[in-house]
Amino acid sequence: MIDEVRQARDAALVRVAASCTPDEVRAVDAEVLGKKGPLAGLKTGLGGLPVDDRKAVGQAINEAMTAVRTAIDERSACLRSEQTTARIAAERLDLTEVVTRQRRGHPHLSTQAWERLEDVFVGLGFQIAEGPEVETDFYNFEALNMPRSHPARSGFDTLFTDYNPDGSVLLRTHTSPVQIRVMREIAPPIYMVMPGKVFRRDTPDATHMPVFHQIEGLVVDRNITMTHLAGTIDAFTKAFFGGGFSSRLRPNYFPFTEPSAEFDIRRPDGTWIELGGCGMVHPNVLRAGGLDPEVWSGFAFGFGIDRMARERHGVDDLRDMFSNDIRFIEQF
Ligand code: PHE
């Protein structure tokens with residue numbers, strides 16, 4: 001009888017150890033320790049035994065039941081904690097991974113150059129203004145001392161809108177019309193830069209785009225001279241490019257400035273970058289802006305923003321900057 005008790009106990013322990021989930025353990029529990037289980041069956045057989053044996057076998061059965069009970073409790077505690085560990089692992093969120101996978105955009109090369117130029121000019125004491133991209137003939141040409149018949153107009157390859165068939169509404173060919181708008185809007189002294197998008201009828205190639213960006217500068221005050229212009233260009237050059245760079249003016253012609261000049265920047269290695277045009281604001285332009293040329297004088301300059309970005313990053317082909325190829329754009 002004692003042997004039967006041991007066998008029943010060992011069989012029960014094997015089943016407990018083989019259970020893989022808390023539910024299985026619960027099922028084994030009901031089966032082996034329940035009223036119809038093997039140990040309970042042996043207990044009911046005790047009545048038929050001699051009194052001396054009954055005591056020893058009864059004790060063996062109780063010990064066997066306690067051993068199985070302990071094994072069941074341990075097994076189910078162990079399985080429950082395994083289950084919890086697995087669930088925590090499955091629910092884990094790797095937040096660092098999410099951040100590195102997130103793709104964030106950044107300003108375009110030309111926007112970066114635009115913003116840096118604004119920063120430098122604000123640092124030199126200038127304010128910033130912007131004008132409309134669709135302009136009238138008056139602001140783009142007429143007020144800038146280029147009446148209808150002026151030959152310089154043809155140099156601008158103008159794109160006209162069909163809003164007014166007479167050609168009086170156009171896409172601005174330069175940022176200079178904003179000079180007139182600023183003069184008409186605010187009283188001198190004026191120290192202003194005017195960045196923006198401009199348009200010309202051009203076939204795109206490595207150095208030309210039909211849409212590009214310029215930044216215009218306008219100073220109007222009393223007793224402004226060409227020296228102020230040259231000094232401002234040079235201060236800008238050193239602030240934007242660095243102390244190793246210098247600038248020069250070369251005589252040129254623009255209808256809206258007199259005298260007029262081109263300005264070039266000298267790299268530390270002695271080579272030159274042609275940057276833009278400048279000059280003393282023409283008396284007719286001051287008048288078109290509502291100012292008396294006997295009282296006020298000024299200078300103006302204008303140059304390409306995209307060219308600055310190209311120069312800074314060594315971009316060979318301007319078209320790469322605007323073809324929206326993410327593999328190119330992402331690099332800057
Ligand atoms: N508007 C001229 C251009 O687009 C540049 C310029 C601006 C020249 C101001 C003189 C003064 O070429």
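Keep in mind the model is a prediction, meaning the values are calculated, not measured.

Rules and cut-offs
- Residues numbered from 1 in each chain as written.
- Predicted model: local features only at pLDDT ≥ 70, side-chain atom pairs only at ≥ 80, totals over all residues.
- Heavy atoms only, no water.
- Near = heavy atom within 4 Å.
- Polar contact = N/O pair within 3.5 Å; in protein donor to acceptor, adjacent residues only side chain to side chain.
- Areas by Shrake-Rupley, 256 points an atom, 1.4 Å probe, with all protein chains shown as cover.
- 1 Å grid on protein atoms, 1.4 Å probe; cavity = no way out; pocket = protein on both sides within 12 Å on 5 of 7 lines; lining within 4 Å.
- Sits in = over half its atoms within 2 Å of the grid points.
- Helix = DSSP H or I, 4+ residues; strand = E, 2+ residues; numbered from the N terminus.
- Buried < 20%, exposed > 50% of the residue type's maximum accessible area, 1.4 Å probe, protein only.
- Pairing = 2+ DSSP bridges.
- Lys, Arg positive; Asp, Glu negative; His and termini not counted.
- Salt bridge = Lys/Arg side-chain N within 4 Å of Asp/Glu carboxyl O.
- Contact = heavy atoms within 4.5 Å.
- Points joined across faces, edges and corners; volume = space filled by probe spheres on them.
- Nonpolar A, V, L, I, M, F, W, Y, C, P; charged D, E, K, R; others polar.
- Axes fitted to C-alpha atoms, helices over the stretch in contact; angles between N-to-C directions.
- Parallel < 35°, antiparallel > 145°, perpendicular 65-115°, else oblique.

Novice: Just checking my understanding: could you explain the site of the ligand for this structure?
Specialist: The full set close to the ligand counts 14 residues, and His 174, Ser 176, Arg 200, Gln 214 and Glu 216 are the nearest of them. Measuring from an oxygen atom of the ligand, one finds a side-chain N or O atom of Gln 214 at 3.0 Å. Calculation on the ligand without its partners gives an accessible area of 330 Å², and the protein chains cover 91% of this total. Here the ligand is seated within the largest pocket. Top contributing element to the shell around the ligand by residue count: strand β10 (residues 297–304), with three residues.

Novice: Can you help me understand the pairing of strand β5 (residues 190–199) in this one?
Specialist: The buried count for β5 comes to eight of 10 residues, which makes it a mostly enclosed element. Summarising the sheet, strand β1 (residues 127–128) and β5 pair through two bridges and their orientation is parallel. Within β5, the residue paired with Ile 128 across the bridge is Val 193. Sheet topology places β5 next to strand β6 (residues 211–221); 10 bridges connect them, and they run antiparallel. From the neighbouring strand, Val 193 faces β6, where its bridge partner is Gly 217.

Novice: What exactly am I supposed to notice about the side chain of Glu 216 here?
Specialist: Relative to the helices and strands, Glu 216 is located in strand β6. Look at Glu 216: it is buried, it has no salt bridge, and the nearest opposite charge is Arg 200 at 8.4 Å. Excluding its chain neighbours within four sequence positions, the residues that come into contact with Glu 216 are Thr 175, Ser 176, Gln 179, Met 192, Val 193, Met 194, Phe 301 and Gly 302.

Novice: Please explain the pairing of β6 as it appears in this structure.
Specialist: Where a strand is regular, its side chains alternate between the two sheet faces. Burial analysis of β6 places 10 of its 11 residues in the buried class, which makes it a mostly covered element. Of the pairings in the sheet, the one linking β6 to β10 comprises eight bridges and is antiparallel in character. Bridge pairing links Gly 217 to Phe 301 in β10.

Novice: Can you walk me through the sheet that holds strand β3 (residues 159–160) in this structure?
Specialist: Backbone hydrogen bonds are what pair the strands of a sheet, in a parallel or an antiparallel way. Strand order in the open sheet formed by three strands is β2-β4-β3, and the pairing between neighbours is antiparallel. Only two strands of the sheet have a single partner each, and these edge strands are β2 (134–136) and β3. Pairing between β3 and strand β4 (residues 169–171): two bridges, direction antiparallel. Within β4, the residue paired with Leu 159 across the bridge is Leu 171.

Novice: I'm lost on empty space enclosed by the protein in this one. Help?
Specialist: Left-over empty space is what a probe sized like a water molecule reveals as it rolls over the atoms. Counted under the stated rule, the structure contains one cavity of 30 Å³ or more. Its boundaries defined by the atoms lining it, the largest cavity holds a volume of some 40 Å³. Around the largest cavity sit Leu 109, Gln 112, Ala 113, Arg 116, Phe 240, Met 308, Ala 309, Arg 312 and His 313, which together line it. When contributions to the lining of the largest cavity are tallied by element, the ones reaching two or more residues are α6 (109–123) and α11 (305–313).

Novice: Explain the layout of surface pockets here, please?
Specialist: Its volume calculated, the largest pocket comes out at about 920 Å³. Every residue lining the largest pocket is counted, 38 residues in all, and those nearest its centre are Arg 200, Phe 212, Gln 214, Gly 276 and Gly 302. Residue assignment for the lining of the largest pocket shows that the elements contributing at least two residues are β6, β7 (246–254), β8 (257–266), β9 (272–281), β10 and α11. Each pocket or cavity is described by its volume, and for the second largest pocket that value is around 150 Å³. Those elements that place two or more of their residues in the lining of the second largest pocket are β9 and α11. Looking at side-chain class alone, the lining of the second largest pocket contains two nonpolar, no polar and five charged residues.

Novice: Just to check I follow, could you spell out the packing of helix α1 (residues 2–18) against helix α4 (residues 51–91) for this structure?
Specialist: Packed helices, taken two at a time, are described by the angle between their axes plus the distance between the axes. The interhelical angle for the contact between α1 and α4, taken along N-to-C directions, is 5 degrees, at an axis separation of 10 Å. On the basis of the axis angle, α1 is roughly parallel to α4. Contact with α1, carried on its side by Ile 2, Val 5, Arg 9, Ala 12, Leu 13, Val 16 and Ala 17, involves Ala 56, Val 57, Ala 60, Ile 61, Ala 64, Ala 67, Val 68, Ala 71, Ile 72 and Arg 75 of α4 and no other residues of that element. For the contact of α1 with α4, the per-class residue count stands at 15 nonpolar, no polar and two charged.

Novice: For this particular structure, what's the right way to read the sheet that holds β7?
Specialist: Strand order across the open sheet formed by seven strands is β1-β5-β6-β10-β9-β8-β7, with mixed pairing between neighbours. What marks the edges here is a single partner per strand, and that holds for β1 and β7. In the packing of helix α8 (residues 177–185) onto the sheet, contacts are made with β5, β6 and β10, and the angle to β5 comes to roughly 140 degrees. The strands that α11 touches are β5, β6, β9 and β10; relative to β10, the one it contacts most, it runs at about 55 degrees.

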